[in-house]
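# Architecture at a glance
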Amino acid sequence: MRGIEEDEDLPHLWQKPAYSVILKALEKLRVEPPVWGAKVSRSEIIKQQAAVQTAHERKEAIAFLSSIIKSGLSWLGDDDEREVIWEEASKRMSERCGRTAMGEIIRSWPFENPDYGSFSLTIREPPLTGDSLGLKTWGSSYALAQRLHEFASGPLAHLVRSSQKTEEVLELGSGTGLLGLAAASIWRKTVYLTDLPEIMSNLEHNASLNRALVEERGGRVEAAPLTWGGSEEEVDPRFRSGERFELIIVADPLYDDDHPTLLASAIDEQLALNPDARVLVMVPQRDEITKGLCRTLRAELGRHSNPLICLHENIVDGEDDWGDGNNDDSQQVGFWWGILGRSS
């Protein structure tokens with residue numbers, strides 16, 4: 001978003017500006033959602049965005065957008081043109097009110113490392129409605145995706161790079177699909193992206209959006225419903241036989257008290273009994289609630305007839321945009337990751 005220059009003043013509605021003039025002004029007020037990475041932090045991006053406009057200019061922009069939304073735009077003779085202007089003004093306003101108020105956004109998430117080169121994944125995020133948190137890309141998915149090459153050459157090398165490597169990976173709770181798509185691209189595997197039936201439309205869209213890139217890099221993706229503890233209709237036939245996958249990945253899966261039990265059962269059902277089988281999980285340590293859910297998950301995984309124990313773990317620093325505000329301090333999050341396997 002650029003600042004409002006003196007020669008680019010916002011049009012005054014009392015002057016009845018043309019449709020093209022208003023639309024051009026609205027386009028200049030667009031605020032892009034931040035995408036952060038190893039080279040540029042989220043806080044730096046937010047600071048850059050804030051520095052573009054002065055406080056006066058931000059106030060002027062809000063006043064301009066409000067005037068459009070309240071105006072009947074009667075001098076525009078075309079109903080379709082009025083609808084476009086109102087819709088664009090509403091979008092610009094929502095972009096200034098936090099992620100949960102925003103409409104649909106599309107973000108390009110960059111990846112670059114000498115191990116696998118560079119590429120970007122394009123992810124669509126629909127408006128957040130109700131409790132459909134799977135429609136948003138959370139910071140832990142990106143944090144874990146950026147470390148996949150490290151796991152491939154380290155504790156997961158026997159599954160990713162050895163002569164006995166597995167060819168299929170299951171992601172549980174894929175959400176928008178960023179982690180699974182990255183795994184397919186970096187590990188060059190077939191990755192099954194799964195989530196609740198109501199999340200599938202957007203997940204399938206993102207899989208389709210990135211399929212050519214993934215396949216060009218030697219991977220493959222499939223999207224299918226898999227509800228933890230769900231009925232037969234909520235689980236794709238490919239997952240009903242169970243104990244099929246030697247590698248399962250999951251990021252930021254715990255939001256409610258029943259999630260640790262449900263996820264632990266889903267992992268136990270889908271993970272192969274092979275002693276080399278592994279689960280890679282990442283859980284943000286946002287507060288005491290999420291820390292408690294993480295402890296409960298680990299306990300639940302150890303209670304099954306074929307218990308899972310943590311073989312490797314660590315906490316890494318990362319960034320998230322869980323909240324709606326721009327308080328940088330609240331966005332610094334510790335991400336716990338663990339690799340679990342069947343106890344012998």
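As the structure is a computational prediction, the values presented were derived from the model and not from experiment.

A count of helices and strands for the protein chain gives eleven helices and nine strands. Considering the protein chain as a whole, with its 344 residues, one finds that 49% of them fall into the buried category. Sequence-distant contacts in the protein chain: of pairs separated by 6 or more residues, those separated by 24 or more amount to 70%.

Here we come to the side chain of Q270. Relative to the assigned elements, Q270 resides in helix α10 (residues 259-270). With near-sequence residues (within four places) excluded, Q270 lies in contact with L170, L226, F239, G242, E243, R244, F245 and I248.

On the secondary structure map, Q146 appears in the loop between α5 (139-145) and α6 (148-153). Judged by relative accessible area, which is 22%, Q146 ranks as partly exposed. Distance in space between the C-alpha atoms of Q146 and F111 is 7.0 Å, their sequence separation being 35 residues.

Let's shift gears to α10. An ideal rise of 1.5 Å per residue puts 16 Å on twelve residues; α10 measures up with 16 Å between its terminal C-alpha atoms. If you check which residues of α10 are buried, you get H259, P260, L263, A264, A266, I267, D268 and Q270. The secondary structure elements touched by the buried residues of α10 are β3 (168-171), β6 (247-251), β7 (278-284), α11 (288-301), β8 (308-319) and β9 (332-342).

The strand order across the open sheet formed by seven strands is β5-β4-β3-β6-β7-β9-β8, and the pairing between neighbours is mixed. With one partner strand each, in any of the chains shown, β5 (220-225) and β8 form the two edges of the open sheet. Pairs of neighbouring strands in the sheet enclose a mean axial angle of 20°, with direction left out of account. Here two bridges tie β3 to β6, and the two strands are oriented parallel to one another. In the sheet register, E171 faces β6, and the bridge partner there is I249.

By the definition in use, this model includes eleven salt bridges. For the salt bridge of R244 with E168, the shortest nitrogen-to-oxygen distance reads 3.1 Å. You can see R244 sitting in the loop between β5 and β6 and its partner E168 sitting in strand β3, a full 76 residues away along the chain. Accessibility expressed as a relative area gives 30% for R244, which makes it partly exposed. Relative accessible area serves as the criterion here: at 25%, E168 is assigned to the partly exposed category. With a shortest N-O distance of 3.6 Å, K291 and E288 are connected by a salt bridge. One end of the pair, K291, and the other, E288, are both in helix α11, three residues apart, so they sit about a helical turn from each other.

A few words on the packing of aromatic side chains. Scanning the entire structure with this criterion turns up eight aromatic pairs. On the numbers, 4.8 Å between centres and 80° between planes, the contact of F151 with W337 is edge-to-face. With F151 in helix α6 and W337 in strand β9, this residue pair connects regions lying 186 residues apart in the sequence. The structure contains a cluster of three or more aromatic residues connected by ring pairs, namely W109, F111, Y116, F119 and Y142. Against the face of W138 rests R286, its NZ or CZ located 5.7 Å from the ring centre.

Counting residues in each nonpolar core, the largest one holds 43 residues, and the members touching the most others are F111, L148, L156, I186, W187 and L280. It is helix α8 (residues 178-187) that provides the largest number of residues to this core, a total of eight residues. In contact with I186, not counting residues within four places along its chain, are F111, Y116, F119, A145, L148 and H149. Membership of the second largest hydrophobic core comes to 29 residues, among which are W228, I267, L271 and L293.

Quick look at the confidence of the model for the protein chain now. Mean pLDDT over the protein chain stands at 84; residues scoring 70 or higher make up 81%. Within the model, pLDDT remains below 50 along residues 1-7, and this stretch shows 21 contacts once partners closer than five positions in the same chain are excluded. Counting interchain partners and residues more than four positions distant, the pLDDT-below-50 stretch residues 324-330 has nine contacts.

This part takes up helix α9 (residues 200-216). Three or four residues apart is the spacing at which side chains of an α-helix point the same way, because the helix has 3.6 residues per turn. Taking 1.5 Å per residue, 17 residues should reach 24 Å; α9 reaches 24 Å between its end C-alpha atoms and fits that length. Where α9 bends most, at N210, the angle is about 50°. Three or more residues of α9 are buried, namely M200, N202, L203, N206, A207, N210 and V214. Those residues of α9 that are buried lie in contact with β2 (117-125), α8, β4 (190-195) and β5. One or two steps after α9, the chain reaches G218, where phi turns positive at roughly 95°.

Reading the values: the criteria
- Residues numbered from 1 in each chain as written.
- Predicted model: local features only at pLDDT ≥ 70, side-chain atom pairs only at ≥ 80, totals over all residues.
- Heavy atoms only, no water.
- Helix = DSSP H or I, 4+ residues; strand = E, 2+ residues; numbered from the N terminus.
- Buried < 20%, exposed > 50% of the residue type's maximum accessible area, 1.4 Å probe, protein only.
- Contact = heavy atoms within 4.5 Å.
- Expected span 1.5 Å × (residues − 1).
- Pairing = 2+ DSSP bridges.
- Axes fitted to C-alpha atoms, helices over the stretch in contact; angles between N-to-C directions.
- Salt bridge = Lys/Arg side-chain N within 4 Å of Asp/Glu carboxyl O.
- Phe/Tyr/Trp six-rings, centres within 6.5 Å; stacked < 30°, edge-to-face > 60°.
- Lys NZ or Arg CZ within 6 Å of the ring centre and 35° of its normal.
- Core = buried A, V, L, I, M, F, W, Y, C linked by side-chain atoms within 4.5 Å.
- pLDDT = per-residue confidence, 0-100.
- Bend = angle between axes of the 7 residues up to and from the residue.

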